[in-house]
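Residue-level structure breakdown
The residues making up each chain are set out below.
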Amino acid sequence: MTYSIYYFGKITEHTNCNYERLNCELSTVKGMKEALLKKYPTLRNETFKIAVNKNFIDEEILIANDSEIAVLPPFAGG
Amino acid sequence: MTYSIYYFGKITEHTNCNYERLNCELSTVKGMKEALLKKYPTLRNETFKIAVNKNFIDEEILIANDSEIAVLPPFAGG
Amino acid sequence: MIKKDKPKKKVFVEGPILPEKIANSIAHHQVKTNIGAHDIFLGQVRADEIDGKIVQAIDYSAYEDMAEEKFHEIREAAFDKFELTCLHIYHSKGIVKSGEICLFVFTSSKHRNMAMDACRFLVEEIKAKVPIFGKELFEDDSHQWKVNK
Amino acid sequence: MIKKDKPKKKVFVEGPILPEKIANSIAHHQVKTNIGAHDIFLGQVRADEIDGKIVQAIDYSAYEDMAEEKFHEIREAAFDKFELTCLHIYHSKGIVKSGEICLFVFTSSKHRNMAMDACRFLVEEIKAKVPIFGKELFEDDSHQWKVNK
């Protein structure tokens, strides 16, 4: 599977990039979280949510190939 | 007693004036209402409140000489 | 009536409240950097249809001395009830055409809830307690007197 | 995600929201003579002191595609829940200095309650659901990331 992953706000201070393409096994949101924490161990101290194609989905649902994944720190609008 | 009486809004359509000085006996708000209805019988169909020196007071309290009396139709601010 | 020591602020403005006045008010608050939230309520004259006739304008009058006192009391009550940085109230007198603004209530606070709660409180208090009268004028020179609900 | 037919309105503006923009928005509503009440919420950047350092500005960024979708959903929900004539939302991106405005929510209705309820609903929804991020910048070039309560 290939996923496009976007990072925002404070998360980018851990990843040092806003965007990357990740090749990995078919995954769920939960699996994706674990893969990210493995790649960027310091993310463990951050609060974040994962959006799939601009929506929050159940952690156990499989993420389709070519999905747009976003790693989002707490919101601060307004 | 002498009272200064001010009329506002729709009330002035019954009194045909904004202001008059009224000489009458020592009176309460209740008594003042009755005197006004006697002088301007068509006021009977109107809703109004009487303010004494810019406040609403108990209907039974005596109104001091030289008080400023206002006859106020329903409010429409905003 | 007990005399208050604080000077009363003038609330009434002649004719409609212009958008530029609102912009100026907002701009004046940019130096107050402890403010995080503003709430603004604007009352606008509606072109209501009543018995087939359309309201063209409202001619506002008031028992001004009492009204300014009531505005002052309402303002003090709001400062007691809510944590506000500042608040401003303006109301028209005289002719305000339909589509024009007749009431401008402006509250500012550190956080949003206080600003919004205070703004609502002020609007309700003004409508209920301030002796302002509105003559709704129709095209054919007839009129009717507005009553707040 | 179901595709919506209605065009989405642009919410993001570069830098602070200027008082003149607010005045223009208000002025544009004077032709809508069925409106009786407007409510406006403004978010302003506070010069908060954090560990002895003062916030100079917030640098706003967003997951813009998702944010515009969320704004659209929130707007549709407000129109469903409240009887509104119209509503407008603008949010800054990029640098907004302390004292400047970063959020402008504008609701209009025939009567006051709907406008005020809707405005409050919108502000809460925006704060909770829209992926916008704020980097609070201090004088010494350090920063911290803002988190909504």
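About the criteria used
Residues numbered from 1 in each chain as written. Chains lettered and ligands numbered in written order. Predicted model: local features only at pLDDT ≥ 70, side-chain atom pairs only at ≥ 80, totals over all residues. Heavy atoms only, no water. Helix = DSSP H or I, 4+ residues; strand = E, 2+ residues; numbered from the N terminus. Rg over C-alpha atoms; globule rule 2.2 N^0.38 Å. Buried < 20%, exposed > 50% of the residue type's maximum accessible area, 1.4 Å probe, protein only. Contact = heavy atoms within 4.5 Å. Arc of directions from axis to C-beta. Least-squares fit on C-alpha atoms with pLDDT ≥ 70 in both. Expected span 1.5 Å × (residues − 1). Salt bridge = Lys/Arg side-chain N within 4 Å of Asp/Glu carboxyl O. Pairing = 2+ DSSP bridges. Axes fitted to C-alpha atoms, helices over the stretch in contact; angles between N-to-C directions. Buried area = accessible area lost by both parts, 1.4 Å probe. Phe/Tyr/Trp six-rings, centres within 6.5 Å; stacked < 30°, edge-to-face > 60°. Lys NZ or Arg CZ within 6 Å of the ring centre and 35° of its normal.

Moving on, we come to the overall build of chain C. A tally of helices and strands in chain C yields three helices and eight strands. Ordered by position from the N terminus, the helices and strands of chain C form the series β-α-β-β-β-α-β-β-α-β-β. Relative to the globule expectation of 15 Å for 149 residues, the C-alpha radius of gyration of chain C, 16 Å, shows essentially globular dimensions. Considered along the principal axes of its C-alpha atoms, chain C spans approximately 50 × 35 × 25 Å. When burial is assessed residue by residue, chain C has 57% of its 149 residues classed as buried. Residue pairs at least 24 apart in sequence account for 77% of intrachain contacts in chain C once pairs closer than 6 positions are excluded.

Right, let's talk about helix α2 (residues 29–39) of chain B for a bit. Residue and element names in this part refer to chain B. Along α2, the residues that are buried comprise Val 29, Met 32, Leu 36 and Leu 37. For α2, the buried positions fall inside an angular range of 135° around the axis, keeping them on one side. Turned more than 90 degrees from where α2 packs its buried face, Glu 34 and Lys 38 sit exposed. If you follow the buried residues of α2, they end up packed against β1 (2–7), β3 (27–28), β4 (49–52), β5 (62–63) and β6 (68–72).

Moving on to the relation of the copies chain C and chain D. Expressed as a screw operation, the relation of chain C to chain D combines 0.0 Å of axial shift with a rotation of 180°, fitting to an RMSD of 0.0 Å. These values place the two chain copies in the arrangement generated by a two-fold rotation axis. Most of the interface of chain C is mirrored in chain D, where 100% of its interface residues again form contacts.

When the three pairs of chains in contact are compared, the highest contact count belongs to chains C and D. A gap remains between chain A and chain B, which never touch, and the nearest two C-alpha atoms on either side lie 28 Å apart. No part of chain A reaches chain C; the closest C-alpha pair between them is 9 Å apart.

Taking 1.5 Å of rise per residue, the 18 residues of helix α3 (residues 112–129) of chain D would be expected to cover 26 Å, and the 26 Å separating its terminal C-alpha atoms lies within 8% of that figure. Taken together, the buried positions of α3(D) are occupied by Arg112(D), Ala115(D), Met116(D), Ala118(D), Cys119(D), Phe121(D), Leu122(D), Val123(D), Glu125(D), Ile126(D) and Lys127(D). As for α3(D), its buried residues are in contact with β2 (37–44) and α3 (112–129) of chain C together with β2 (37–44), α2 (64–81), β5 (86–97) and β6 (101–109) of chain D.

Let us look at the pattern of salt bridges. Residues and elements named next belong to chain A. Summed over all chains, the structure comprises 28 salt bridges over all chains. We note a salt bridge from Glu 20 to Lys 39, for which the minimum N-O separation is 2.7 Å. Separated by 19 residues along the polypeptide, Glu 20 in strand β2 (residues 19–23) and Lys 39 in helix α2 (residues 29–39) bring together distant segments of the chain. Residue Glu 20 is classed as buried on the basis of its relative accessible area of 13%.

All names here are of chain A. Taken in spatial order, the four strands make up an open sheet running β2-β1-β6-β4, and their pairing is mixed. The sheet terminates laterally at β2 and β4 (49–52), the two strands that pair on one side only. Here the strands of the sheet are splayed against their neighbours by 25° on average, with no regard to which way each runs. Relative to strand β6 (residues 68–72), strand β1 (residues 2–7) is paired through four bridges, and the arrangement is parallel. Across the sheet, the residue bridging to Tyr 6 is Ala 70, located in β6. On the sheet, α2 packs against β1, β2, β4 and β6 and is oriented at approximately 125° with respect to β4.

Accessible area lost upon the coming together of the parts serves often as the stated size of an interface. Across the boundary between the two partners, chain C contributes 25 residues, which contact 17 residues of chain B. Looking only at chain C, the three residues that lose the most surface to chain B are Tyr63(C), Phe133(C) and Trp145(C), adding up to 35% of its buried area. Taken together, the elements giving at least two residues each to the side of chain C that touches chain B come down to β4 (53–62), α2 (64–81), β6 (101–109), α3, β7 (132–138) and β8 (143–145) of chain C. For the side of chain C that touches chain B, the element with the most residues is α2(C), which contributes four residues.

All names here are of chain D. For β5, the buried fraction is high: nine of the twelve residues fall into the buried class. The pairing of strand β1 (residues 12–14) with β5 spans three bridges and is classified as parallel. Bridging across to β5, Val 13 finds its partner in Ser 92. As defined by bridge partners, strand β4 (residues 53–62) adjoins β5 across four bridges and the pair is classed as antiparallel. Counterpart to Ile 58 in the pairing with β5 is Val 96.

Two aromatic rings are characterised by how far apart their centres lie and by the angle between their planes. Enumeration over the complete set of coordinates arrives at 18 aromatic pairs over all chains. Their ring planes at 70° and their centres at 6.1 Å tell us that Phe75(A) and Phe133(D) sit as a pair that is edge-to-face. Remark: Phe133(D) occurs in strand β7 (residues 132–138) and Phe75(A) occurs in the segment after β6; the pair is interchain, linking two chains. Put simply, the rings of Phe8(A), Phe75(A), Tyr63(D) and Phe133(D) touch in pairs and so form one group of aromatic residues. In this arrangement the basic side chain of Lys49(A) is found over the ring face of Phe56(A), its NZ or CZ atom lying 4.4 Å from the centre.

So yeah, pure geometry; function would need other evidence.
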